[in-house]
Amino acid sequence: MSTHTPTVLWAQRSSDSDASKNVLLLTVEIVDAADLKIELKPTHLSVTAKSPNSPQPYDLTIDFYDEIDPDESKVNTENGNHIFFVLRKKKLQAEYWPRLTKEKLKYHYIKTDFDKWVDEDEQDEVKNDDDDMMAGMGGGMGGMPGMGGMPGMGGMGGPGGMDFSQLLSGMGGGAGGAGGAPDLSALASQIGAAGGAGGLDLSGLGGDDEGDDQEEGESELQEEVETSGDGKSTSTEKLEEIN
C-alpha cells in the first residue's frame, strides 16, 4: 500500500550553556491521528499514523543533521490537529544547525515554521522554557474569549443607537421651531423615548433662548396692554371735560 508523507514545520533555538534553550521545534501535520507510532532516536525520527483526512496512511522518517537527546525531548499528541515535538539537541552550541536533515537535500514536505522561528541574534528576546514552548504549540492562543460586547453599549445602531432621520421625520418635517429650525424640545423627548443618547443631556438644548424669547414676548405684550389701557382712560377723561 502506498503511503503519504505529512508536512513538517520546524524551527530551532540554540545555546552553549543552557540545554533547555538548545532545542528543535517540530510540528507534524497529521489531523486526528490514529494507530500512531513514534520512534525517536538520537539520529532520527519515525512517525506512522492513519487519519480520516487521508485515504493513505502517513509515513515519515527524518535523519537529523546532528544528534538529539530523546530522554530530554518532549512530544504532544493530545492536541488532535497535529503532533508537536520539542527535541533537545545533544551538543550545546550557540550556532544554529544549518538544516534539519542529515543530507543536504530539498525535501518538499519540510518547511520553516515562521511563526516560531527566531534569528540567532534575537533569541534573548524570546522566552524559551520547554513547558511554555510545548503549551504554545497547542494551536496558538486557542481563540480570544468572546468579548460579548462592551458593557453599557447595549447594541449601538448608529450614534447613540438612534436613527435621527426617523426622529426628525416624526417631528412634523423638522420645522416645528421658528424659521424652519427643528423643535429641540420635541427632539429631546423623542430621544428620551428611544432609550437615551448614550448619556447625553439634551434637556438644555434651545431651552434658555426659548424661555428668554417667551419672557420677552410676554413683557412686550404687557406694555402694549398697559399703553392701550392708558390711552382709553385719557380719552374718557377728555370726553367728560367736554360734557
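Residues numbered from 1 in each chain as written. Predicted model: local features only at pLDDT ≥ 70, side-chain atom pairs only at ≥ 80, totals over all residues. Heavy atoms only, no water.

- Taking an unreviewed UniProt entry as the reference, the protein is identified by name as CS domain-containing protein belonging to Lodderomyces beijingensis.
- As recorded by UniProt, the Sequence similarities (unreviewed entry) comment attached to the protein reads in full: "Belongs to the p23/wos2 family." (UniProt positions renumbered as here; feature names shortened; annotations may be inferred.)

## Here we look at the overall build of the protein
Part 1 of the reasoning: When helices and strands are tallied, the protein shows 4 helices and 8 strands.
Part 2 of the reasoning: Secondary structure of the protein in N-to-C order comes out as β-β-β-β-β-β-β-β-α-α-α-α.
Part 3 of the reasoning: Considering only intrachain contacts with a sequence separation of at least 6, the fraction spanning at least 24 residues in the protein is 60%.
Part 4 of the reasoning: Total accessible area computed for the protein in this model is approximately 16,000 Å², and 49% of it derives from carbon and sulfur atoms. (Helix = DSSP H or I, 4+ residues; strand = E, 2+ residues; numbered from the N terminus. Contact = heavy atoms within 4.5 Å. Areas by Shrake-Rupley, 256 points an atom, 1.4 Å probe, with all protein chains shown as cover.)

## Focus on the side chain of T101
Part 1 of the reasoning: Along the chain, T101 falls in the loop between β7 (83–89) and β8 (110–112).
Part 2 of the reasoning: Look at T101 and you get buried, because its relative accessible area is 8%.
Part 3 of the reasoning: Among the polar contacts made by the side chain of T101, one reaches the main-chain carbonyl oxygen of E103 at a distance of 2.9 Å. (Buried < 20%, exposed > 50% of the residue type's maximum accessible area, 1.4 Å probe, protein only. Polar contact = N/O pair within 3.5 Å; in protein donor to acceptor, adjacent residues only side chain to side chain.)

## Some points on the sheet that holds strand β4 (residues 44–50)
In sheet architecture, strand pairing relies on hydrogen bonds along the backbone and comes in two forms, parallel and antiparallel.
Part 1 of the reasoning: If you trace the 3 strands from one edge of the open sheet to the other, you get β3-β4-β5, paired in antiparallel fashion. Two strands close off the open sheet at either side, each with one partner strand: β3 (34–40) and β5 (58–63). On average, each strand axis in the sheet is inclined to that of its neighbour by 5 degrees, with strand direction left out of account.
Part 2 of the reasoning: Here 5 bridges tie β3 to β4, and the two strands are oriented antiparallel to one another. Residue pairing for β4: L40 is matched across the bridge by L45. (Pairing = 2+ DSSP bridges. Axes fitted to C-alpha atoms, helices over the stretch in contact; angles between N-to-C directions.)

## A look at the sheet that holds strand β1 (residues 8–12)
Part 1 of the reasoning: The mixed open sheet is built from 5 strands, whose spatial order is β6-β7-β2-β1-β8. In this open sheet, the two edge strands, each paired with only one partner strand, are β6 (68–76) and β8. Strand after strand, the sheet turns through a mean of 25 degrees between neighbouring axes, direction not considered.

## What to know about the nonpolar core
The tendency in soluble globular proteins is for nonpolar side chains to be buried side by side.
Part 1 of the reasoning: Counting residues in each nonpolar core, the largest one holds 21 residues, and the members touching the most others are L24, L26, I62, F64, F85 and L100.
Part 2 of the reasoning: Counting residues per element, the ones that place at least two in this core are β1, β2 (23–28), β4, β5 and β7. (Core = buried A, V, L, I, M, F, W, Y, C linked by side-chain atoms within 4.5 Å.)

## Quick word on a nonpolar patch on the surface
Part 1 of the reasoning: On the surface, L36, I38 and V75 cluster together into a nonpolar patch covering about 210 Å² of accessible area.
Part 2 of the reasoning: If you trace the backbone, L36 turns up in strand β3.
Part 3 of the reasoning: A relative accessible area of 31% places L36 in the partly exposed class. (Patch = residues over 30% accessible without salt bridge, like charges linked within 9 Å, V, L, I, M, F, W, Y side chains within 5 Å. Salt bridge = Lys/Arg side-chain N within 4 Å of Asp/Glu carboxyl O.)

## Quick look at unusual backbone geometry
Part 1 of the reasoning: Even without being glycine, D32 reaches a positive phi, approximately 50 degrees.
Part 2 of the reasoning: Tracing the backbone shows D32 in the loop between β2 and β3.
Part 3 of the reasoning: Phi at D35 is positive, roughly 50 degrees, even though this residue is not glycine.
Part 4 of the reasoning: Relative to the helices and strands, D35 resides in strand β3.

## Considerations on the packing of aromatic side chains
Part 1 of the reasoning: Tallying each qualifying case throughout the model produces 4 aromatic pairs.
Part 2 of the reasoning: Taking 5.6 Å as the distance between ring centres and 80 degrees as the angle between the ring planes, the aromatic pair formed by W10 and W117 counts as edge-to-face. Pair noted here: W10 is in strand β1 and W117 is in the loop between β8 and α1 (130–135), with a separation of 107 residues, a long-range link.
Part 3 of the reasoning: The class of W10 is buried, set by a relative accessible area of 8%.
Part 4 of the reasoning: Among the aromatic residues, those joined into a ring-pair cluster are W10, Y96 and W117. (Phe/Tyr/Trp six-rings, centres within 6.5 Å; stacked < 30°, edge-to-face > 60°.)

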